[in-house]
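# Survey of secondary and tertiary structure
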Amino acid sequence: MSHLKTLSTEELQQQHAVLAGSYEAVQAQKLKLDMSRGKPCSEQLDLSNDLFNCLSKTDYKTANGTDCRNYGGLDGIAEAKELFAWFLESKPQEIIIGGSSSLTMMHDLLCRAMLHGLPESEAPWCKLPKVKFLCPSPGYDRHFAVTEHLGMELITIPYLHDGPDMDLVEKLVAADPAIKGIWCVPKYSNPTGITYSDSVVQRLAAMPTAAPDFRIIWDNAYVVHHLTDTPDQLLDIRKACAAAGHADRVFIFASTSKINFPSAGIAMVAASENNVNWLKKHLTIQTIGPDKINQLRHVRFLQNQAGIEEHMRKHAAVIKPKFEMVLSILERELGGLDIASWSKPQGGYFISLDTLPGCASKVVEKAAAAGVLLTPAGATFPYGKDPEDKNIRLSPTFPPLSELKQAMELVVLCVKLVSIEQELARRAA
């Protein structure tokens, strides 16, 4: 296929006829392929099967004698805090270990802020005329859903090459006390794969905010999920906040959901002593303690930092060929045509594909009609509305290589078809 602008209308129509024939042939295959969510594949899950066997009938006590079968341990076992302190860049006493989902912990944090307010809040957020939250986009749909569900107004912040548009962020938070926070996936961001630059981290930490209880929700979900031996480096946000005099500004979240079993992992949050004490006060009402047996078996299985890093190298060996295949197909089929662009992440779980403006929804619809399920167009923006209708989140990890190849060949075919159809419609207008 040639560049659209270099082809005559007749040539475009001929190209479309050929591609439409290929599309109909794929439809006849009645595919049922799913690239809609960033899930680990079976081979990745198998890497952690020893979790089932790493505790014996007598191995249920921590080093200090705590019986993990019983009540208590509100903020998690000491061994789990020590194990994960290095990638939370925090001291063990600044960490709370929870259940299987970091999203649950984020949701609960914001619910508490709504019902009770944060330590610096003049009133519970639910008593305020309006609460707003900044949403760097394209971003994580489940983040946006939490704040939308709680009735907050979502403000889209464009991504630049090194993170959110900080000029806009700084301008907004300095002027509007209703803006209470910002969502951040700072390393191998979902879906762009961007890792925040040192400058972005420092500006987030230091910026003046009209709201005294402004918070950064720092979801470091992909902190150890590298696809290369030279991983991206991310500046320590807590150290930057403390240096700027804003030690309470950030909550750091992470989990083992894509390290071990998503359905039976452990989640965690790290924050200042003031924030942790506030969280513990509310936790005493909510729970008598987390699943300490699960925490202990993760400690036994992963053991230490070296154990986690070796385990993640095994993950990379499984999924790196999938990312390479997707990028290869995109480059081979769409490179140089000026109808699409895409990220080339060094880690994480996603590739961000941008079509021509106005095409993403139709690409997703065409792919679905031929048997390939993608994340809905617009899902990576607040309220599910991409203002340019161009972003598609690709999730390469779950399908087997053979199915992934079929799916991607269909995706690029749909991009070509929709791009030609849009150009023909433009010329006919």
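Residues numbered from 1 in each chain as written. Predicted model: local features only at pLDDT ≥ 70, side-chain atom pairs only at ≥ 80, totals over all residues. Heavy atoms only, no water.

## Focus: the nonpolar core
- The biggest cluster of nonpolar side chains holds 54 residues, and the ones touching the most others in it are L204 and W218.
- With six residues, the single largest contributor to this core is helix 3 (residues 78–88).
- Setting aside chain neighbours within four positions, we find L204 in contact with M166, V169, I182, C184, Y196, I216, W218 and R249.
- Counting residues in hydrophobic clusters, the runner-up holds 52 residues, among them Y188, F323, F350 and I420. (Core = buried A, V, L, I, M, F, W, Y, C linked by side-chain atoms within 4.5 Å. Buried < 20%, exposed > 50% of the residue type's maximum accessible area, 1.4 Å probe, protein only. Helix = DSSP H or I, 4+ residues; strand = E, 2+ residues; numbered from the N terminus. Contact = heavy atoms within 4.5 Å.)

## Overview of the pairing of strand 4 (residues 153–160)
- Two strands pair when backbone bridges link them, and strand 3 (residues 132–137) and strand 4 are joined in this way by six bridges, in the parallel orientation. Within the sheet, the bridge partner assigned to L134 lies in strand 4 and is I155.
- The antiparallel pairing of strand 4 with strand 5 (residues 163–164) creates a hairpin that spans two residues between the two strands. (Pairing = 2+ DSSP bridges.)

## Some thoughts on the sheet that holds strand 5
- One open sheet holds the eight strands; their spatial order is 2-9-8-7-6-3-4-5, and the pairing between them is mixed. Of all strands in the sheet, those bounded by a partner on one side alone are strand 2 (95–97) and strand 5.
- With three bridges connecting them, strand 3 and strand 6 (residues 179–184) associate as parallel partners. Across the sheet, K132 pairs through a bridge with I179, a residue of strand 6.

## Side note on the domain arrangement of the chain
- Partitioning the chain into structural domains gives domain 1 (4–44 + 309–428) and domain 2 (67–302).
- Summed over both sides, the interface of domain 1 with domain 2 buries roughly 2,500 Å², with 63% coming from carbon and sulfur.
- When the buried area of domain 1 at its contact with domain 2 is split by residue, M312, Q346 and Y383 rank highest and sum to 24% of it.
- The tally of links from domain 1 across to domain 2 stands at two salt bridges.
- Notably, a salt bridge pairs R37 with D141, separated by 3.0 Å at the nearest N-O pair.
- Elements represented by at least two residues in the side of domain 1 that touches domain 2 include exactly helix 11 (305–334), strand 11 (351–355) and strand 13 (391–394). (Domains from an automatic or database assignment. Buried area = accessible area lost by both parts, 1.4 Å probe. Salt bridge = Lys/Arg side-chain N within 4 Å of Asp/Glu carboxyl O.)

## Brief notes about the sheet that holds strand 10 (residues 340–342)
- Reading across from one edge, 10-11-13 is the order of the three strands in this open sheet, with antiparallel pairing throughout. Across the chains shown, the open sheet's two edge strands, defined by having one partner strand only, are strand 10 and strand 13. Ignoring strand direction, the axes of neighbouring strands in this sheet form an average angle of 20°.
- Judged from the three bridges that link them, strand 10 and strand 11 form a sheet pairing that is antiparallel. Following the sheet pairing, S341 is matched in strand 11 by D354. (Axes fitted to C-alpha atoms, helices over the stretch in contact; angles between N-to-C directions.)

## Things to note about the pattern of salt bridges
- All chains considered together, the criterion is met by 22 salt bridges.
- In this structure, E120 and R215 form a salt bridge, with 2.8 Å as the shortest nitrogen-oxygen distance. Of this pair, E120 sits in the loop between helix 4 (102–116) and strand 3 while R215 sits in strand 7 (residues 215–219), and the two are 95 residues apart along the sequence.
- The class for E120 is partly exposed, based on a relative accessible area of 26%.
- Judged by its relative accessible area of 3%, R215 falls in the buried class.
- Here E423 and R427 are joined by a salt bridge, their closest N and O atoms 2.9 Å apart. With E423 and R427 both in helix 13 (residues 401–428) and four residues apart, the pair spans about one turn of that helix.
- Accessibility expressed as a relative area gives 6% for E423, which makes it buried.
- For R427, a relative accessible area of 28% gives the class partly exposed.
- One continuous salt-bridge network, built from bridges that share partners, spans K5, E423, R426 and R427.

## Here we look at the packing of aromatic side chains
- What the rule picks out here adds up to eight aromatic pairs.
- Taking 6.4 Å as the distance between ring centres and 85° as the angle between the ring planes, the aromatic pair formed by Y222 and F350 counts as edge-to-face. Here Y222, found in the loop between strand 7 and helix 8 (237–243), pairs with F350, found in the loop between strand 10 and strand 11; they are 128 residues apart in sequence, far enough to count as distant.
- A relative accessible area of 5% means that Y222 is categorised as buried.
- A relative accessible area of 4% places F350 in the buried class.
- Taken together, the ring pairs in this structure connect F84, W86 and F87 into an aromatic cluster.
- The ring of F398 carries K39 above its face, with NZ or CZ at 4.4 Å from the centroid.
- Between K258 and the ring centre of Y349, over which it is positioned, the NZ or CZ distance is 5.2 Å. (Phe/Tyr/Trp six-rings, centres within 6.5 Å; stacked < 30°, edge-to-face > 60°. Lys NZ or Arg CZ within 6 Å of the ring centre and 35° of its normal.)

## Remarks on helix 1 (residues 9–27)
- The first and last C-alpha atoms of helix 1 sit 26 Å apart over 19 residues, in line with the 27 Å expected at 1.5 Å per residue.
- By the burial criterion, the buried members of helix 1 are L12, H16, L19, Y23 and V26. Around the axis of helix 1, the buried residues are gathered within 75° of arc, so they sit on the same side. Among the exposed residues of helix 1, those pointing more than 90 degrees away from its buried face are E10, A17, V18 and E24.
- Buried residues belonging to helix 1 abut helix 12 (360–369) and helix 13. (Expected span 1.5 Å × (residues − 1). Arc of directions from axis to C-beta.)

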